[in-house]
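Chain and residue survey
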Amino acid sequence: MKFYIDDLPVLFPYPKIYPEQYAYMCDIKKTLDVGGKCVLEMPSGTGKTVSLLSLTIAYQMHYPEHRKVVYCSRTMSEIEKALIELENLMDFRAKELGYVEEFRGLGLTSRKNLCLHPTISKERKGIVVDEKCRRITNGQLKEKITKGTVIEDPTSEMNSLCTYHEKLNELEQHDLIPTGTYSFESLVKYCKEQGTCPYFTVRRMIPFCNIIIYSYHYLLDPKIADRVSKELSKDSIIIFDEAHNIDNVCIESLSLDLTDDVLKRATRGANKLADAVDDMKEQDSEKLQNEYEKLVEGLRQAEIDRQEELFMSNPILPQDLLEEAIPGNIRKAEHFISFLKRFIEYLKTRMKVLHVISETPVSFLQHLKELTYIDRKPLRFCSERLSLLVRTLELNEIEDFTALKDIATFATLVSTYETGFQLILEPFESEGSTVPNPILHFACLDASIAIKPVFERFSSVIITSGTISPLEMYPKMLNFETTISESYSMTLARRSFLPMIVTKGSDQVAISSKFEIRTDPSVVRNYGSLLVEFSKITPDGMVVFFPSYLYMESIISMWQTMGVLDEVWKYKLILVETPDAQETSLALETYRKACSNGRGAVLLSVARGKVSEGIDFDHHYGRTVLMIGIPFQYTESRILKARLEFMRDHFQIRESDFLSFDAMRHAAQCLGRVLRGKDDYGIMVLADRRFSNKKKQLPKWIAQALNDSDDNLSTDMALATAKKFLRSLAQPTNPKDSEGVSVWNLEQLEAFQKQHQQKQQTAQFDVEETKVEVQDDFMDIDDDDLDLL
Ligand SMILES: Nc1ncnc2c1ncn2[C@@H]1O[C@H](COP(=O)(O)OP(=O)(O)OP(=O)(O)O)[C@@H](O)[C@H]1O
Ligand code: SF4
């Protein structure tokens, strides 16, 4: 379908469009035209991804600025989904236009997912793949091999260069991959054929592609953004899709935890570093001297020949970097190492304290200074200095120094940021434990810090998700102003989803996951019978969400003794999500199989877990979603308390408002899992009496579908409504019914546009008329009145 929004021709790869897709695209275009940020909530399953891509690519190709599109999503599967949508879109454009456009669309994910190296790619942990890859690609090994100080040995992982990486250097740097759109699968396939590294192909091609699709971290985490996204132009169009958790990503990117184990390993690392310095002094003291002289001259890391892969990037935001030379007392390698050791020893003594400490960075630095005479300034340069030293010493066994890297990161962060951060030392793992296992949390409390450079640097930022209500919360938390903020309703030809609030069991006992009553046998039994009854009537798949693993475990064991699970077992297979990703994917696989072969299954999972955040249960994979309790965060968490306090004082967000917003955004995420398109249908059960007071915080599209008669139900009433709903939805539908209502063909779209235009013209005419009247009135004012004006 081809249509126009103002003067912009949009090619849309489906013959029909949903009214909300059109409204969404119009708002995106407005934002791009005027610049600024928008917050848009689009019902799930209504083709948000394809709308975003169609509009932004049309915009890019039509206007002479050819603004690059940077599309950030959360998980690898979501990124892959967007790449496949993009492939379809570009195929469609080529067909419509009659020629293939000069266009390059790429996606980036971690090395672990893209590596082709015969042994490194077999590593299970991403961090090990990263470190091993860095070691052989950072230029130093190559230099040694060229000089002949190391003999390349293809059988050794450490002493041979990566051929896939080397091959890239033989190619034209702006043309490492031909134009086209590549899903991860096709990227890896192409690179395998060429013998090139997919990861570095994409990284180096970012400046030359029309659209890059990658994870939030590549833009928001300063440690990664500095490496990957530095060269993006200011007029790029930035999209944060699935952005309902964006504040947490911002916070995590500037937070860090230190434990006893990290400190021990850091000491070992510092000792190894000292040995390496001694060795180098004996063998090649000139090198150390050179490094020192460069530092005296005030040469900064950025000015030193920049390699792709330094040991560590600066963890702070670019605008917070000090434009000064590295201070004198840490310029010499041995001085720096003893400085680090002193700092680590200080941290070790702090960890010995047996009561909880919560302090600001300023008070931490003051105490540090009193005890060790360590100043703030050299601390700020710790990560930069460590990175340079590791490079000068040409160290290979980088794993030995990862804990030291954490210490240096912590030193730089704690000495750079004053407000919006808190240090919290927790000596015991849980309230009741007596064996100390201290953790020092360096917690960022202010999500706006990490996103500020993105807002300042790029002219257009689109923040969007299926569940981002209430819309005014995000601008407050992230401290920005919106050009447009909009929540779209879902147009439906028939009522295809049924939200219900169940507040009591059939025995009229109120149900709730409220801490005081959550393990009350009558509440647990009522939740149990809700589960049994819904598993009886739900065809195929049913997903159940709990507020936390802890609660899920305790309720499952109670259900076991009450015989609830045996009863469910008669109707459905029972599978459980666990914190282990592999176990969970196995459970999911079995779940899908059981849904497809007619046995049917129930998946017990948790809000905020992997299942709730990106697994789709479309069609028969999810006909009912049952939300047991409200997924509030653990309110006794000290970090959460500190964040709540910060938001109250700085952004005037009340604690209860935030907690309730946070719980409801996660509940809405869970509910959205079962509705993946307009032809899909499902039941959404919110089972907690407190949901009745929180309806307003649901996304508009869910709240609008929630009838007053479906609120405050008991289990038997809910069952009766659900049965009726399922019976009516099981009837065959006539696709013609939805035409003009929930889908538009081109004529219907154009008719709407014409009508809308006419309305606008009339409104404009009215405004002008009013203006003329006002002017006329003004002319009528007599001279006497003028005194009054
Ligand atoms: N106009 C359309 N006509 C037919 N199918 C469409 C249309 N728009 C989108 N689709 C398809 O509907 C499915 C759902 O779209 P998509 O996954 O993009 O939804 P979404 O809103 O991004 O969901 P979420 O963000 O919640 O995952 C996709 O397979 C998409 O290709
Ligand atoms: S350069 Fe590429 S292929 Fe080689 S080790 Fe690194 S990620 Fe793997």
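Residues numbered from 1 in each chain as written. Chains lettered and ligands numbered in written order. Predicted model: local features only at pLDDT ≥ 70, side-chain atom pairs only at ≥ 80, totals over all residues. Heavy atoms only, no water.

Remarks on the overall build of the chain
Across its full length, the chain carries 31 helices and 21 strands. Its C-alpha radius of gyration of 30 Å places the chain within 12% of the 28 Å reference for a compact globule of 789 residues. Dimensions along the principal axes, computed over C-alpha positions, put the chain at roughly 85 × 75 × 75 Å. Looking at the 789 residues of the chain, the share that counts as buried comes to 55%. Contacts in the chain between residues far apart in sequence, at least 24 positions, make up 80% of those at least 6 positions apart. Counting every atom, the chain has about 34800 Å² of accessible surface; 51% of that belongs to carbon and sulfur. (Helix = DSSP H or I, 4+ residues; strand = E, 2+ residues; numbered from the N terminus. Rg over C-alpha atoms; globule rule 2.2 N^0.38 Å. Buried < 20%, exposed > 50% of the residue type's maximum accessible area, 1.4 Å probe, protein only. Contact = heavy atoms within 4.5 Å. Areas by Shrake-Rupley, 256 points an atom, 1.4 Å probe, with all protein chains shown as cover.)

Concerning the sheet that holds strand β5 (residues 104–107)
The strand order across the open sheet formed by eight strands is β6-β5-β7-β4-β8-β13-β3-β14, and the pairing between neighbours is parallel. Unpaired on one side and paired on the other, β6 (180–181) and β14 (482–487) mark the two borders of the sheet. Of the strand pairs in this sheet, strand β8 (residues 237–240) and strand β13 (residues 460–465) are connected by four bridges, and their pairing is parallel. Bridge assignment links F240 to a residue of β13, and that residue is I463. (Pairing = 2+ DSSP bridges.)

Remarks on the sheet that holds strand β12 (residues 439–444)
What the four strands build is an open sheet, ordered β9-β12-β11-β10; its pairing is antiparallel. Each edge of the open sheet is held by one strand with a lone partner, namely β9 (256–259) and β10 (357–359). Each adjacent strand pair in this sheet contributes to an overall mean axis angle of 15 degrees, direction not counted. Where strand β11 (residues 421–426) meets β12, six bridges bridge the pair, whose relative direction is antiparallel. Note that in β12 the partner of E426 across the bridge is I439. Along the sheet, helix α14 (residues 333–351) makes contact with β9, β10, β11 and β12, crossing β9 at roughly 80 degrees. (Axes fitted to C-alpha atoms, helices over the stretch in contact; angles between N-to-C directions.)

Observations concerning the layout of surface pockets
In this structure, the largest pocket spans a volume of roughly 1700 Å³. Lining the largest pocket are 50 residues, and of these R608, F632, Q633, Y634 and L640 lie nearest its centre. Secondary structure elements with two or more residues in the lining of the largest pocket: α12 (246–253), β9, β12, α22 (549–562), α25 (638–651) and α26 (655–672). Residues that form the lining of the largest pocket fall into these classes: 20 nonpolar, 18 polar and 12 charged. For the second largest pocket, the calculated volume is near 1100 Å³. Taken together, 36 residues form the lining of the second largest pocket, with I127, D130, R134, D221 and I224 sitting closest to its centre. Elements with a minimum of two residues in the lining of the second largest pocket: α3 (76–97), α4 (111–114), α5 (126–137), α9 (198–205), α10 (217–220), α11 (222–228) and α18 (402–416). Element by element, the count of residues in the lining of the second largest pocket is highest for α5, at five residues. Taken together, the residues of the lining of the second largest pocket break down into 11 nonpolar, 11 polar and 14 charged. (1 Å grid on protein atoms, 1.4 Å probe; cavity = no way out; pocket = protein on both sides within 12 Å on 5 of 7 lines; lining within 4 Å. Points joined across faces, edges and corners; volume = space filled by probe spheres on them. Nonpolar A, V, L, I, M, F, W, Y, C, P; charged D, E, K, R; others polar.)

Topic: the site of ligand 1
Residues in close proximity to ligand 1 total 18 residues, the closest being Y14, K16, Q21, K48 and R676. One of the backbone N or O atoms of K16 is found 2.8 Å from a nitrogen atom in ligand 1. Here an oxygen atom of ligand 1 sits 3.2 Å away from a polar atom, N or O, in the side chain of E85. Elements represented by at least two residues in the shell around ligand 1 include exactly α2 (48–62) and α3. (Near = heavy atom within 4 Å. Polar contact = N/O pair within 3.5 Å; in protein donor to acceptor, adjacent residues only side chain to side chain.)

Here we look at the packing of helix α21 (residues 521–537) against α22
Closest axis-to-axis distance for the α21/α22 pair is 10 Å, and the angle between their directions is 80 degrees. By the angle between their directions, the pair α21 and α22 is classed as roughly perpendicular. Note on element contacts: α22 touches α21 through Y551, I555, M558, W559 and M562, opposite P521, V524, R525, Y527, G528 and L531. Considered class by class, the residues forming the contact of α21 with α22 number nine nonpolar, one polar and one charged. (Parallel < 35°, antiparallel > 145°, perpendicular 65-115°, else oblique.)

Quick look at the site of ligand 2
In the region of ligand 2, the neighbouring residues are C115, L116, H117, C133, T137, C162, Y164, H165, C197 and F200. When each cavity is represented as a set of grid points, ligand 2 is found to reside in the largest cavity. Mapped by element, the contributors of at least two residues to the shell around ligand 2 are α5 and α7 (163–169). Classifying every residue of the shell around ligand 2 gives seven nonpolar, three polar and no charged. (Sits in = over half its atoms within 2 Å of the grid points.)

Digging into a negative patch on the surface
A cluster of acidic side chains, namely D275, D278, D279 and E282, defines a negative patch on the protein surface. Here E282 lies in helix α13 (residues 260–296). (Patch = residues over 30% accessible without salt bridge, like charges linked within 9 Å, V, L, I, M, F, W, Y side chains within 5 Å. Salt bridge = Lys/Arg side-chain N within 4 Å of Asp/Glu carboxyl O. Lys, Arg positive; Asp, Glu negative; His and termini not counted. Charge placed at Lys NZ, Arg CZ, Asp CG, Glu CD.)

Structural notes on the pairing of strand β3 (residues 36–41)
Side-chain positions along a regular strand alternate between the two faces of the sheet. Burial runs high along β3: six of the six residues are buried. Across the two faces of β3 the burial is the same, with G36, C38 and L40 and K37, V39 and E41 all buried. Strand direction decides the pairing type here: β3 and β13, joined by six bridges, are parallel. In the sheet register, V39 faces β13, and the bridge partner there is I463. Here β3 runs beside β14; their pairing, made up of five bridges, is parallel. Across the sheet, residue K37 finds its bridge partner in β14, namely T482.

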